[in-house]
Amino acid sequence: MSYSTLSIDVTAKVEPLLKDGRQHHISAWVFAPDTPVSVSGRPVVIFLLNGGTYDKRYFHFQVPGAKGYSTAEALQDKGYYVVLLDHLGVGESSRADNERLVTRHVAASANHSAVEAISDKLSKGQIAGIAALGDFVKVGGGHSMGGFVSITQQAAHKTYDGLLVLGYTAVGVHLSHAGQVVPADQGPIREDEPQYYLHDRSRLHESFHWDDVPDDVVAVDDGLNVEVPCTLSRQSTMMGIVTDDAAKIDVPVYICLGERDVSPNAHAEPSYYTSSSDVTLHILPKSGHCQSFASTRQEMFDRIDTWIGGLKWPVHHPRT
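Residues numbered from 1 in each chain as written. Predicted model: local features only at pLDDT ≥ 70, side-chain atom pairs only at ≥ 80, totals over all residues. Heavy atoms only, no water.

## Let's talk about the pairing of strand β11 (residues 253-258)
Then comes step 1: Of all six residues that make up β11, six are buried, and the element is covered over most of its length.
Then comes step 2: Residues Val253, Ile255 and Leu257 line one face of β11 and the alternating positions Tyr254, Cys256 and Gly258 line the opposite face, and both faces are buried.
Then comes step 3: Pairing of strand β6 (residues 162-166) with β11 involves four bridges; the strand directions are parallel. What sits directly across from leucine 164, in β11, is tyrosine 254.
Then comes step 4: Of the strand pairs in this sheet, β11 and strand β12 (residues 279-284) are connected by six bridges, and their pairing is parallel. Residue pairing across strands places valine 253 opposite valine 279, the latter belonging to β12. (Buried < 20%, exposed > 50% of the residue type's maximum accessible area, 1.4 Å probe, protein only. Helix = DSSP H or I, 4+ residues; strand = E, 2+ residues; numbered from the N terminus. Pairing = 2+ DSSP bridges.)

Right, here's the structure in full:
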């Protein structure tokens, strides 16, 4: 399926924070359904952010000779508009001169600015081939580091009507090594660390993939490995870094964790969203951290669909 490619200028939002005199943009792909679904009388747009070591291809994963790995296409087939974004410093989005300044709050501000601009274009029909949506339900979130930034973003900016937290924890990231679950927090960033670096994906296979994920899928996944911004990556693994933010979120929350994932206690995760009156926990069976590659991934796609369809969404003021 085809998608539209956008480059959204977020300079006005982030340059005063970065002070590097550069233009900054967020790269995005927009997927439009053939037959849009309507909930609460309106279409739904889902915004998704990738995790660390990935760019937006994580949610549009393509395996030669295999089908059904693209989260974007699965949700598009169910009638949703889907927008995939690259964080600042990741994929096709711009990089700051000083990466250390791109903290989670700066990244969240950039993403909020991009989501607002894309929402305005969708509402007014300013994206080629997509009719004006008018008022729509805005659901957003992300996987892993994308979930981390989305929690930060929602607490600070109230960007979305509902939040998807996929493969992230409100208490602190833990990884699996030789059958043991250990905290991933490495402490403060050292001055001698590079601004961007490649992780060794082979050390992450146990955490990322359930044992039944085919070798060719793991190989394609490893081939998508991209450099991560040091600050954002390291902040995302710090213990308790978004605990207070999670408590501020007052919209419905869908949490999906794999059977083997980053939370030390999956069943405790809903308790951190104390301002939300509607929190759903879904533990995806036979799934590692990367649910989109699991043999059970369709169950997650279906649950997101039924979760969205089962809620009464707020009416917005008309966009002008």
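## Side note on the packing of helix α1 (residues 11-18) against helix α3 (residues 104-124)
Angle between the axes and distance between the axes are the two parameters that describe a pair of packed helices.
Then comes step 1: In the contact formed by α1 and α3, the axes pass within 9 Å of each other and the chain directions differ by 165°. One element, α1, and the other, α3, form an angle in the roughly antiparallel class. Crossing handedness for the pair α1 and α3: right-handed. Two secondary-structure elements touch here, α1 through Lys13, Val14, Leu17 and Leu18 and α3 through Val106, Ser109, Ala110 and Ser113.
Then comes step 2: Taken together, the residues of the contact of α1 with α3 sort by class into five nonpolar, two polar and one charged. (Axes fitted to C-alpha atoms, helices over the stretch in contact; angles between N-to-C directions. Parallel < 35°, antiparallel > 145°, perpendicular 65-115°, else oblique. Left-handed = near helix turned anticlockwise from the far one by under 90°. Contact = heavy atoms within 4.5 Å. Nonpolar A, V, L, I, M, F, W, Y, C, P; charged D, E, K, R; others polar.)

## Points about helix α6 (residues 215-223)
Then comes step 1: When we look at burial in α6, the residues that qualify are Val217, Val218 and Asp221. All buried residues of α6 fall inside an arc of 100° around its axis, so they share one side. Residues of α6 that are exposed and point more than 90 degrees away from the buried face comprise Asp215 and Gly223.
Then comes step 2: On the buried face of α6, the contacting elements are α5 (205-208). (Arc of directions from axis to C-beta.)

## Thoughts on unusual backbone geometry
Then comes step 1: With a phi angle near 50°, lysine 19 is a residue other than glycine that sits in the positive phi range.
Then comes step 2: Following the sequence through the fold, lysine 19 ends up in the loop between α1 and β2 (25-31).
Then comes step 3: Here lysine 19 falls in the exposed class, since its relative accessible area comes to 66%.
Then comes step 4: Not every positive phi belongs to a glycine, and lysine 286 is a case in point at roughly 50°.

## What about the side chain of serine 70?
Then comes step 1: By the secondary structure assignment, serine 70 is in the loop between β3 (44-49) and α2 (71-77).
Then comes step 2: On the basis of relative accessible area, serine 70 is assigned to the buried category, the value being 4%.
Then comes step 3: Within the structure, the side chain of serine 70 is placed 3.1 Å from the backbone nitrogen of glutamate 73, a separation counted as a polar contact. (Polar contact = N/O pair within 3.5 Å; in protein donor to acceptor, adjacent residues only side chain to side chain.)

## Some words on the packing of aromatic side chains
Each aromatic ring pair is specified by the distance between its two centres and by the angle formed by the two planes.
Then comes step 1: Taken as a whole and assessed by the stated rule, the structure comprises 13 aromatic pairs.
Then comes step 2: With 6.3 Å between their ring centres and 55° between their planes, tyrosine 54 and phenylalanine 293 make a pair best called tilted. Pair noted here: tyrosine 54 is in the loop between β3 and α2 and phenylalanine 293 is in the loop between β12 and α9 (297-309), with a separation of 239 residues, a long-range link. Each member of the pair, tyrosine 54 as well as phenylalanine 293, carries the same accessibility label: buried.
Then comes step 3: Judged by centre distance (4.3 Å) and plane angle (45°), the rings of phenylalanine 61 and phenylalanine 293 are tilted. Linking phenylalanine 61 in the loop between β3 and α2 with phenylalanine 293 in the loop between β12 and α9, this pair joins segments that are 232 residues apart in sequence. There is no split in this pair, since phenylalanine 61 and phenylalanine 293 are both buried.
Then comes step 4: Ring pairs connect the aromatic residues Tyr54, Tyr58, Phe59, Phe61, Tyr69, Phe208 and Phe293, which therefore count as one cluster.
Then comes step 5: One Lys or Arg, arginine 95, reaches over the ring of tyrosine 196 and ends 3.7 Å from the middle of that ring. (Phe/Tyr/Trp six-rings, centres within 6.5 Å; stacked < 30°, edge-to-face > 60°. Lys NZ or Arg CZ within 6 Å of the ring centre and 35° of its normal.)

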